[in-house]
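Chain and residue survey
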Amino acid sequence: MKFDLGPGNASRLRSRSRRLFRTAAVALVLVVLWLLVYQHFIFGNGTLLYKDVGVDSINIYYPRYVLVSDYIRDEGIPSWSFRVGMGQNIFSSLSALLITPVVWLAKGAIATGLVYQHLLYVMLSGLLFARFLVNRGLAFPSCLLGALLLSFSAYMCMGSCWYFHANEVICFTFLLFAAEQAASRGRWVYLVLAVTAVGFLGAFHLYLGALFLCFYVPARLIERFSWQPLPILRTCALLAGAALLGVGLGAILSVNSFYGLLNSPRGSGPTSLVGQLSSQPIFGLASSLHYMTAVLRPFGNDLMGTGDGFRGWENYLEAPMTYCGLLCLVIFPQIFVGSSLRQRIVYGLILAVILVTTLFPWFRYFFWAFQGDYYRTLSLFAVFGIITLGMTAFSRYIEDGRLNLWLLGGTIFLLIGILYFPLREFQSLINPSPRVAATVLLLSYTILLSLGRLVKRPHIIGWIIVVLAAIELVYLDRITVANRPTVTKSELNERVGYNDETVDAVRDINVSDKDFFRITKTRGSGPGMRESLNDAMVFGYYGTSSYSSFNNLNYIKFLMAVGAISDFDLATDTRWSYGLLGHPLLSTFACEKYALVENPVPFQTAEQYEFVKRYGKKYLFRNQLFLPLGLSFDHYIVEDVFRQLPDWAKPIALLHAVVLSDKSTADKHGLSQLSDGEIKRQVIETSFPSIIAERRSTALNIRSFRWQAFQDGRSAPVLNVDVGLLGAVFDRGEHTVELRYRPPLLFAGAAASFVSLLIFAASLWRWPRIRLPQ
């Protein structure tokens, strides 16, 4: 057998071997740095479950991971769960199965598995970014260093505790790589898949991805092919079509995610910031603390303090996270040296976008569609630009020694001047130790760059700089990830936190009671600095409290209507919702059957509660006035009348009649209206035990539920009742009632995904590449 190893084939074989070797080298270095930075969590007693307030991952993300892990084992595909608030659609959590592999683990393995999930994130983002830099024609040392700077940037390190940041880094790095493949080689297929992956983050991230592509693709085409308006517009239009195809492929999830965002207090509810932020002056300025934070954060994520000790603008998480290696600060200005006019314009535009969104808050609000005042993903996009241009300049230095010493001297003078700027308020924000380290590193990079230029050995010096930068990343990143309070591995096996006596109490209740019911916990078990409101997700019971940035709008409307949430601080209370805690009559209406408390005295003196058992420091009580899910009524109250009732009367009114906003709906289904006088009379005259007994006698006997109502096999009308809850209309008498739930717009999203898949397959066969400008 003979093999053709002619010049062409041999060259391709050597090229592939070299590419494989370099990929393996990048992967190996990424693993080594990961071991050095996260050794405390791999070999020591730490876990990536942080307790500090600003990044309270133990009370926010961990419960949702446990919920999805339990759900896929017990129920299958995520759909509806009563473990979220008073019940909520969780279909969009299906994306977690694809981008958050730790949810495939059993509940007990999630905490220790997080650090290995982060290794996967580090590897994927680093390899993708290295490949992106290779496609831009950079020298290998700069590609390797660029991969390290992104994978161990402040944004990625924060992703080890605020896990969603790491998801963003992977998906947007994939999008950056795909955009480069499309703009430089015409390979549009990666762009379709990358946009689909970004959609898995959530519908809003499709908007952020669109902003990113609208900026990067035209800028890259102009940089590469010069100013050719018509060919560039044609290429942009074709790539926009590919991106839309990616949106369509992921529509089965993103449509549902968009529906959830829209039906939340922040989307269309009372806490939307659109009106407030969009009315701000376009060129208005921020506080001095904001600007000082924006100037100092690129020197190190912890220069102004770590975790709860952060002294800068906002908090440790939402302040600018633009640290991506000190070398980038030193060498970034060199990108303009030797560049063509066209390139200088493109590079200047990138720098201008970073500066404008930092100087003038209105443009940052615009980036977030006027939904928030923070940086987050904007910082990630800035990091992409800083590293890409910095490594481009570094690659030019390695290949031909391109370096302007006067510019380098001015740069280091400015950087050192910032660190030691003689303003007391400014210096009070800076930690001395990281400042000394930053100073030494900045001077070292300057000396090494100058030395390589003078002795004409930039390639050798370049590798020395790569090693020094790796040392810098290990040193500074270990402060970010290890110098903060976390849950220890030993705590996971002790009777504390999410492994406290609640585990035994819930297990005993579920063994002896098979009804539908809710449990009220008066104190959360989460070990974070904030009180945990998502205990139901971890322990596997139904409650009423919930922390979420996007709680269901109907859930919040109900809590507001009955007085469980006040108008004092809606922005906080609609996210950190205590549900019906502290409202015993409302809890009874909402199917509370058990209460697990630490202070038993108020429950011992209340007639409706019966003591069951003590579990360590916790006491279990049974609500003897328990009402099952599915109460039936033949009278209704108009919503406007209900809202005018005093808060103490609303729980009792809910037990006498259903609340409807539309009188015509009630008339259509033959319900009788209670007048103001009748409501007051029944509230005053009817004894509480009597109305409880009446409601029990006609309630549903729940065996299963899926939230589409059927009466004797026939579909029944479903109504919005009680200012945020759901009701169904049935005929009088005994019936077999079946309740099913289907996520909103499921069929529409599935149809869009299926059609997009057909178009994608046909287009890939017919046009594997697009024609680029010449």
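Described below are features of the structure shown in this document.

Analysis parameters
Residues numbered from 1 in each chain as written. Predicted model: local features only at pLDDT ≥ 70, side-chain atom pairs only at ≥ 80, totals over all residues. Heavy atoms only, no water. Pairing = 2+ DSSP bridges. Helix = DSSP H or I, 4+ residues; strand = E, 2+ residues; numbered from the N terminus. Axes fitted to C-alpha atoms, helices over the stretch in contact; angles between N-to-C directions. Salt bridge = Lys/Arg side-chain N within 4 Å of Asp/Glu carboxyl O. Buried < 20%, exposed > 50% of the residue type's maximum accessible area, 1.4 Å probe, protein only. Phe/Tyr/Trp six-rings, centres within 6.5 Å; stacked < 30°, edge-to-face > 60°. Lys NZ or Arg CZ within 6 Å of the ring centre and 35° of its normal.

**As for the sheet that holds strand β10 (residues 618–623)**
In space, the four strands of this open sheet follow the order β5-β8-β10-β9, with mixed pairing throughout. A strand with exactly one partner marks an edge of an open sheet, and here the two such strands are β5 (518–521) and β9 (609–615). The average angle at which neighbouring strand axes cross in this sheet is 25°, direction not considered. As paired elements, β9 and β10 share six bridges and run antiparallel to each other.

**Structural notes on the sheet that holds strand β11 (residues 635–638)**
The three strands are arranged β12-β11-β13 in an open sheet whose pairing can be described as parallel. Sheet topology places β12 (658–660) and β13 (672–673) at the edges, where each strand pairs with a single neighbour. Both β11 and β13 contribute to a ladder of two bridges, which runs parallel. Looking across to β13, one finds that Tyr 636 is bridged to Gln 673.

**Brief notes about the pattern of salt bridges**
If you walk through the whole model with that rule in mind, you get 22 salt bridges. In this structure, Asp 500 and Lys 618 form a salt bridge, with 3.6 Å as the shortest nitrogen-oxygen distance. Placement of Asp 500 in the loop between β4 (486–488) and α23 (502–512) and of Lys 618 in strand β10 is noted, with a sequence separation of 118 residues between them. The salt bridge partner of Asp 647 is Lys 650, with a shortest N-O separation of 3.5 Å. With relative accessibility at 5%, the residue Lys 650 sits in the buried group. Several salt bridges converge on common partners, so that one network encompasses Arg 495, Asp 504, Arg 507, Asp 508 and Lys 613.

**Observations concerning the packing of aromatic side chains**
All chains considered together, the criterion is met by 48 aromatic pairs. Summarising the aromatic geometry, the rings of Trp 80 and Tyr 741 are spaced 4.9 Å apart at their centres and angled 55° between planes, so their arrangement reads as tilted. Taken as a pair, Trp 80 in strand β2 (residues 80–81) and Tyr 741 in the loop between β18 (737–739) and α34 (746–766) lie far apart in primary sequence, 661 residues in all. Both residues of the pair, Trp 80 and Tyr 741, belong to the buried class. Aromatic pair Tyr 547 and Trp 576: ring centres 4.0 Å apart, planes at 40°, arrangement tilted. Pair noted here: Tyr 547 is in strand β6 (residues 546–547) and Trp 576 is in strand β7 (residues 576–577), with a separation of 29 residues, a long-range link. For the pair Tyr 547 and Trp 576, one class covers both residues: buried. An aromatic cluster of at least three residues, connected via ring pairs, comprises Phe 129, Phe 132, Phe 172, Phe 204, Tyr 207, Phe 212, Tyr 216, Phe 367, Trp 368, Tyr 374, Phe 381 and Phe 384. Against the face of Tyr 374 rests Arg 376, its NZ or CZ located 4.5 Å from the ring centre. Directly above the ring of Phe 626 sits Lys 593, whose terminal nitrogen or CZ lies 4.8 Å from the centroid.

Nothing here speaks to function; it is all geometry.
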